[in-house]
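Given next are the chains, with one letter for each unit.
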Amino acid sequence: MSNYPSEFTIANTPYSVEFVDTLEGGEYAIHSDVKREIKVARSIKTLEDGVIDLTEGQIENSYWHEIFHAFNFFYNNEQDEALAQTFANFMCEYLHSKR
């Protein structure tokens, strides 16, 4: 996943970013403020269909979703799913529509 950083700093806190094959519980991605890390899955394990590869768009959206969790954590220590998803959607649309 060469288009993404392997680490960054926000609010004077270093974070690592890792892309993994799958995550427990069928998660697309996770943000850990304690471990200061973001992990993004390349595929999802399902009971019905086995392993399903995620599209580049799903991976990108998942990455931004977790970035916005990190931003929100340093704003008010919350992990608001609706806020993170809304801003991830906005960021992806912005990046793909700018000229």
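Up top you'll find the structure we're talking about.
Now for a description of the structure that goes with this document. All of these numbers come straight from a predicted model, not from anything done at the bench.

Procedures and definitions
- Residues numbered from 1 in each chain as written.
- Predicted model: local features only at pLDDT ≥ 70, side-chain atom pairs only at ≥ 80, totals over all residues.
- Heavy atoms only, no water.
- Salt bridge = Lys/Arg side-chain N within 4 Å of Asp/Glu carboxyl O.
- Helix = DSSP H or I, 4+ residues; strand = E, 2+ residues; numbered from the N terminus.
- Buried < 20%, exposed > 50% of the residue type's maximum accessible area, 1.4 Å probe, protein only.
- Patch = residues over 30% accessible without salt bridge, like charges linked within 9 Å, V, L, I, M, F, W, Y side chains within 5 Å.
- Areas by Shrake-Rupley, 256 points an atom, 1.4 Å probe, with all protein chains shown as cover.

Some points on the pattern of salt bridges
Evaluation of the coordinates by the stated rule reveals 1 salt bridge. As a salt-bridge pair, Arg42 and Asp21 come within 3.1 Å of each other at their nearest N and O atoms. With Arg42 in the loop between strand S4 (37–41) and strand S5 (43–46) and Asp21 in the loop between strand S2 (13–20) and strand S3 (29–32), this pair connects stretches of sequence that are 21 residues apart. The class for Arg42 is partly exposed, based on a relative accessible area of 32%. The exposure class assigned to Asp21 is exposed, which follows from its relative accessible area of 54%.

Section: a nonpolar patch on the surface
Judged by side-chain polarity, Leu83, Phe87 and Phe90 come together as a nonpolar surface patch covering roughly 270 Å² of accessible area. In this structure, Leu83 sits in helix H2 (residues 81–97). For Leu83, a relative accessible area of 33% translates into the label partly exposed.

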